[in-house]
Every structure is written in C-alpha cells, then in structure tokens.
Amino acid sequence: MIEQYVVQASTYAKDIDHLFELIFYLVGFWFLLAEGIFFYLIFKFKAKKGQNGQYVTGEKKSEMRWITWPHYLVLICDIFIVISAVRVWVAVKQDLPEADATVRVIGQQWAWSFVHPGADGLLDTDDDIETVDELHIEVNKTYHYRLASRDVLHSFSVPVFRLKQDAIPGREIVGWFTPTKTGTYDIQCAEMCGIGHGLMPARIVIESAEQHAAWVTEQSHTQLAQGLR
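Inspection of the entire model under this criterion finds 7 salt bridges. A salt bridge links Glu 172 to Arg 104; its shortest N-O distance comes to 2.6 Å. On the criterion of sequence distance, the pair formed by Glu 172 in the loop between β7 (163-167) and β8 (173-177) and Arg 104 in strand β1 (residues 101-108) is long-range, its members being 68 residues apart. For Glu 172, a relative accessible area of 41% translates into the label partly exposed. Among the charged side chains, a salt-bridge network with shared partners connects Arg 104, Asp 124, Arg 146 and Glu 172.

Here you go:
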C-alpha cells in the first residue's frame, strides 16, 4: 500500500511497510467495529415515547462478556504488533551486517555533508571524496553510515529506505542500509533545526557498479585538479 506512493529502495523498506500495514489493518478493524456497534446501539436504544430508559451497570456476566472478550482479543492483536515491531527493530537497528563500504554523513545548519571512500574503498584516507547535499552509493551494496552533527539536533531521513535516524551533537551514530533500486531520491532533515530547516534538502544517487566506479574516478580527478589532495 505505502509503496504505491513512496518507492521501496532498501532491503528493509518492505519489512517496515508491512509493519505499518499490520498496525493499520488491525487498528482499523477494531475502530470500524467499535464505531459500528456504538452507532447501532444509539439508534436501537434511542428515546421512545412512553418507554423509560434503563440503567445498565455492566456487572452481570452476560453484560461483562461484551467488554472482557473484545478486551482479550485486542490484547492478542497487540501481542502480534509488538512481536512484529521488535523483530523489525532488531533487524534494522540492532543487527549490524558486515559492510561493503562506509560513508560519513554530517548534518549542520543547514546542509548535509558526505564523505565517500575513494578508489581504495576505505574511509578516512587521502583519497576520500567530499560532497555537499549529494550522496552517491552503489546499488545492492551494504553500507555503514557514520552519522554526526556539527551544531544542533538533526535527523537523517531517506524516505525510500524507510530510514530515519537522529544526528546528535557530540555523538557518532552507526547505522546501515543496502540500496536495491537505482535512481535519484530525496534526503530530508526530519527534525526542526532552526530557521533554515526547510531549506536543507539533499539527494541520494543510487548507481550501478559501472556508474559508481565512473563517478569515483571523475571525482578523484576533479579533486586532484583542484588541489584538494
């Protein structure tokens, strides 16, 4: 359902969408059922001429079962939701798969800075590639990201990945993603970070292996020509 509006472009996007859909359908079912019964009882027992109203305490077993049984059924649905949520949380936030590459993501008022590994494939070496507001990665490759903030609280959000992680000043947070679809997509700051908050969009460019290798080579030559190394 969600993928009809926002494309799925990471390995765990589908799991997160399924969790939202599970919550939507379970909660929606009980909401519609409760509202349906509510309005049915209103019209069935509305005031009638010559008939006194009844005061129902709900203490009889025949009356209490209409509360206790739905209550237990709702709790069972809650258990399904909690189990599904914990499973997705552990897979996305707790289990850190081995990385094929690592990128650095830095939030600041009001831009995103990215540090990519150069031709050697290693981060924090002399041939690193630095960009502003544009992150280039290779499809079907597992990345670790090292997220930090230079000033205030930001939030690194990639909707097509179903990824949202706060960037906290003074901390470096490590997460991961594996892109599954080539293309250019939005990066957002999802945390109010000052007057320019709405002016710090960025792009994530997911490329094939050949395209990404060509981009790394081009950027390496450009930085050499500009004397950045």
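Right, picking up where we left off after that structure.
What follows is about the packing of aromatic side chains. Under the criterion given, the structure shown has 9 aromatic pairs. Relative to Phe 156, the ring of Trp 112 has its centre 5.5 Å away and its plane inclined at 65 degrees; by these criteria the two rings are edge-to-face. Of this pair, Trp 112 sits in strand β2 (residues 111-116) while Phe 156 is found in strand β6 (residues 154-158), placing the two residues 44 residues apart along the sequence. Given the relative accessible area of 0%, Trp 112 is considered buried.

Turning our eyes to something else, we now look at helix α1 (residues 13-44). The end-to-end C-alpha distance of α1 is 46 Å, a good match for the 46 Å that 32 residues give at a rise of 1.5 Å each. Those residues of α1 hidden inside the fold are in contact with α2 (61-94).

Quick look at unusual backbone geometry now. In the segment running from Gln 109 into Trp 110, the intervening peptide bond is cis, with an omega of 0 degrees. Of note in this structure, Asp 124 is not a glycine but carries a positive phi near 65 degrees. Within the fold, Asp 124 resides in the loop between β2 and β3 (129-132). Using a relative accessible area of 55% as the deciding quantity, one classes Asp 124 as exposed. Within the chain, Asn 140 stands out as a residue other than glycine whose phi angle is a positive 60 degrees. With respect to the helices and strands, Asn 140 occurs in the loop between β4 (134-138) and β5 (143-149). Owing to a relative accessible area of 58%, Asn 140 belongs among the exposed residues under this scheme.

Conventions used here
For every chain, the first residue of its written sequence is number 1, and the numbers climb from 1 along that sequence. In keeping with the model being predicted, local features are shown solely for residues with a pLDDT of at least 70 and side-chain atom pairs are shown and tallied solely at 80 or more, while totals for entire chains, interfaces and linings include all residues. Side-chain figures throughout are based on the complete set of non-hydrogen atoms in the structure, without hydrogens or water. Basic side-chain nitrogens of Lys or Arg form a salt bridge, by our definition, when they fall within 4 Å of a carboxyl oxygen of Asp or Glu. Helix numbers and strand numbers start at the N terminus; a helix is a DSSP run of H or I with at least 4 residues, a strand a run of E with at least 2. Only protein chains enter the accessibility calculation, which uses a 1.4 Å probe; a residue is then buried when its area is under 20% of its type maximum, exposed when over 50%, and partly exposed in between. Under the pairing criterion, centres of Phe, Tyr and Trp rings, with the six-membered ring standing for Trp, must be within 6.5 Å; the plane angle then separates stacked pairs below 30 degrees from edge-to-face pairs above 60, leaving the rest tilted. In a helix, the anticipated span is given by 1.5 Å times the number of residues less one. Here, two residues are considered to be in contact whenever any of their heavy atoms come within 4.5 Å of each other.

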